[in-house]
Amino acid sequence: MEKLTQKWTLVSLLEKHDQGYEFSAADWPLHISTGGTLFEVDWSLGDLLTKLTNLISGQASFDALVLDDTNLGPPDKPVLVTMIDSQTGLGALHEKIVDLLLENGAVFSHPLHIRDGFKAHCTVQKNARLHKGETISIDNLALIDMFPDGDGYQRKILKIIALHK
């Protein structure tokens with residue numbers, strides 16, 4: 001297999017930002033990872049966007065309930081997150097995205113976190129968080145470049161695809 005160099009992630013943004021918005025790896029906007037935390041695929045950006053847009057054309061937006069806080073990650077470096085109910089559409093959206101990626105040769109950096117290992121959550125950020133009992137709207141899919149201009153410490157929103165109302 002040839003070496004894949006570009007890494008991406010797919011998220012549903014919970015804060016409004018424009019395409020092209022850049023942020024540091026330590027300062028993510030509120031989001032829910034919907035397509036695995038990090039993947040590589042041997043497609044051009046145009047091919048990836050076309051396949052994703054076709055996949056979710058007709059996908060309706062939906063609401064999800066915010067659940068309890070918990071810690072994820074290794075015990076020596078736990079990450080505080082707020083769990084999200086995946087029964088109201090997040091689980092199905094995740095499966096749809098992962099199926100497309102796997103059927104087209106994607107390689108996931110953390111394969112234990114897809115399919116049965118998917119835990120819908122939103123990481124508590126420095127200046128923003130979700131609270132138990134809130135209802136959030138899942139109304140977009142955003143493709144994030146994890147290495148814009150070869151910089152692994154920055155992130156860039158390449159495309160935001162709206163889900164239909």
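The structure contained in this document is the topic of the report that follows. Predicted model, so just to flag it, every value in this text is computed and none were measured. (Residues numbered from 1 in each chain as written. Predicted model: local features only at pLDDT ≥ 70, side-chain atom pairs only at ≥ 80, totals over all residues. Heavy atoms only, no water.)

On to the packing of aromatic side chains, then. According to the stated counting rule, one finds 2 aromatic pairs in the structure shown. Pairing F23 with W28 gives two aromatic rings, centres 4.9 Å apart and planes at 65°, and the pair type is edge-to-face. We classify F23 as buried; its relative accessible area is 4%. What makes W28 buried here is its relative accessible area of 15%. By the ring-pair criterion, three or more aromatic residues cluster together here, those being Y21, F23 and W28. (Phe/Tyr/Trp six-rings, centres within 6.5 Å; stacked < 30°, edge-to-face > 60°. Buried < 20%, exposed > 50% of the residue type's maximum accessible area, 1.4 Å probe, protein only.)

Here we take up the pattern of salt bridges. In this structure the tally under the stated criterion is 7 salt bridges. Here K126 and D27 are joined by a salt bridge, their closest N and O atoms 3.0 Å apart. You can see K126 sitting in the loop between β8 (121-123) and β9 (135-138) and its partner D27 sitting in the loop between β2 (22-24) and β3 (31-33), a full 99 residues away along the chain. With a closest N to O distance of 2.8 Å, D68 and K132 form a salt bridge. You can see D68 sitting in strand β5 (residues 62-72) and its partner K132 sitting in the loop between β8 and β9, a full 64 residues away along the chain. What you see here is one network of salt bridges that share partners, running through K16, D139 and K165. (Salt bridge = Lys/Arg side-chain N within 4 Å of Asp/Glu carboxyl O. Helix = DSSP H or I, 4+ residues; strand = E, 2+ residues; numbered from the N terminus.)

When its volume is computed, the largest pocket comes out at roughly 870 Å³. As for the largest pocket, its lining consists of 26 residues, and the residues nearest its centre are T37, V79, H113, H121 and T123. Looking at the lining of the largest pocket, the elements with two or more residues in it are β1 (8-13), β3, β6 (79-84) and β8. Split into classes, the residues belonging to the lining of the largest pocket amount to 11 nonpolar, 12 polar and 3 charged. (1 Å grid on protein atoms, 1.4 Å probe; cavity = no way out; pocket = protein on both sides within 12 Å on 5 of 7 lines; lining within 4 Å. Points joined across faces, edges and corners; volume = space filled by probe spheres on them. Nonpolar A, V, L, I, M, F, W, Y, C, P; charged D, E, K, R; others polar.)

Judged by pairing direction, the sheet is antiparallel, and its 4 strands sit side by side in the order β8-β6-β5-β9 without closing on themselves. Since the sheet does not close on itself, it has two edges, and those belong to β8 and β9, each with one partner. Strand after strand, the sheet turns through a mean of 45° between neighbouring axes, direction not considered. Pairing of β5 with β6 involves 5 bridges; the strand directions are antiparallel. Its bridge partner being in β6, L72 is matched across the sheet by V79. Sitting on the sheet, helix α2 (residues 90-103) touches β5, β6 and β9, and the angle it makes with β5 is about 85°. (Pairing = 2+ DSSP bridges. Axes fitted to C-alpha atoms, helices over the stretch in contact; angles between N-to-C directions. Contact = heavy atoms within 4.5 Å.)

It is worth spelling out the environment of E103 at this point. On the secondary structure map, E103 appears in helix α2. On a C-alpha basis, the gap between E103 and D116 in space is 17 Å, while along the polypeptide they are 13 residues apart.

The biggest cluster of nonpolar side chains holds 35 residues, and the ones touching the most others in it are L10, L48, I84, L90, L101, I136 and I138. Looking at which element gives the most residues to this core, the answer is α2, with 6 residues. Once you skip the residues sitting within four places of it in the chain, I136 turns out to touch L14, I32, F62, D63, A64, V66, I84 and L130. Counting residues in hydrophobic clusters, the runner-up holds 9 residues, among them V11, F23, W28 and L38. (Core = buried A, V, L, I, M, F, W, Y, C linked by side-chain atoms within 4.5 Å.)

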